[in-house]
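Spelled out from the first residue to the last, the chains are:
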Amino acid sequence: QVQVVESGGGLVQAGGSLTLSCVASGSTFSTRDMGWYRQAPGKQRELVARITLGSSTNYADSVKGRFTIYRDNAKNNMYLQMNNLKPEDTAVYYCKVSMVTLSDYWGQGTQVTVSS
């Protein structure tokens with residue numbers, strides 16, 4: 001089993017920055033990809049950014065150039081640096097940990113609110 005905990009959300013003004021953290025614990029030796037997803041009220045959950053074990057990354061078009069995903073494999077941590085935040089970035093942000101066994105584990109989410 002893998003436990004996933006996100007932190008770092010909060011309320012910020014448009015143009016501000018936040019850094020989200022994701023900590024995976026438990027049976028993490030077979031961790032593969034890690035990713036950040038978000039879900040705004042009334043909308044489907046969507047991919048924000050993803051990073052492979054080898055640190056290859058991909059981003060949603062809406063966050064390219066503003067968000068940076070990175071990970072510390074030794075600590076099984078992952079981060080999302082979010083700059084130039086916009087009101088449309090307001091959502092609950094979730095961390096997903098994908099294993100080589102093809103199992104996925106999700107955290108409970110952290111709220112990000114961007115005021116205009």
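Predicted model, so just to flag it, every value in this text is computed and none were measured.

Trainee: Hey, could you run me through the sheet that holds strand β1 (residues 2-7) in this one?
Mentor: Picture the strands of a sheet paired through backbone hydrogen bonds; they go either parallel or antiparallel. Reading across from one edge, β1-β3-β8-β7 is the order of the four strands in this open sheet, with antiparallel pairing throughout. Sheet topology places β1 and β7 (67-72) at the edges, where each strand pairs with a single neighbour. For this sheet, the mean inter-axis angle between neighbouring strands, taken without regard to orientation, is 15 degrees. For strand β3 (residues 18-26) and strand β8 (residues 77-82), the ladder comprises six bridges, and the chain directions are antiparallel. Within β8, the residue paired with Ser21 across the bridge is Tyr79.

Trainee: Any chance you could explain the side chain of Ser30 here in plain terms?
Mentor: Within the secondary structure layout, Ser30 lies in the loop between β3 and β4 (31-39). Filtering out sequence-adjacent residues up to four positions away, Ser30 remains in contact with Ser98, Met99 and Val100.

Trainee: Explain the packing of aromatic side chains here, please?
Mentor: Ring pairs (aromatic) are described by centroid distance and by the angle formed between their planes. Considering all chains together, one arrives at three aromatic pairs under this definition. Just above the ring of Tyr94 sits the side chain of Arg45; from NZ or CZ to the centre is 3.7 Å. Over the aromatic face of Trp106 sits the side chain of Arg45, whose NZ or CZ is 4.7 Å from the ring centroid.

Trainee: When you look at the state of the cysteines in this model, what are you seeing that I'm missing?
Mentor: What makes a disulfide is a covalent bond joining the sulfur atoms belonging to two cysteines. One pass over the structure, following the stated rule, counts one disulfide. The disulfide bridge from Cys22 ends at Cys95, spanning 2.0 Å between sulfur atoms. Looking along the S-S bond of the Cys22-Cys95 disulfide, the torsion reads about -65 degrees, which is the left-handed sense. Of the two residues, Cys22 sits in strand β3 while Cys95 sits in strand β9 (residues 91-99), which places them 73 residues apart along the sequence. Exposure class is identical for Cys22 and Cys95. Each is buried.

Conventions used here
- Residues numbered from 1 in each chain as written.
- Predicted model: local features only at pLDDT ≥ 70, side-chain atom pairs only at ≥ 80, totals over all residues.
- Heavy atoms only, no water.
- Pairing = 2+ DSSP bridges.
- Helix = DSSP H or I, 4+ residues; strand = E, 2+ residues; numbered from the N terminus.
- Axes fitted to C-alpha atoms, helices over the stretch in contact; angles between N-to-C directions.
- Contact = heavy atoms within 4.5 Å.
- Phe/Tyr/Trp six-rings, centres within 6.5 Å; stacked < 30°, edge-to-face > 60°.
- Lys NZ or Arg CZ within 6 Å of the ring centre and 35° of its normal.
- Disulfide = S-S within 2.5 Å.
- Buried < 20%, exposed > 50% of the residue type's maximum accessible area, 1.4 Å probe, protein only.

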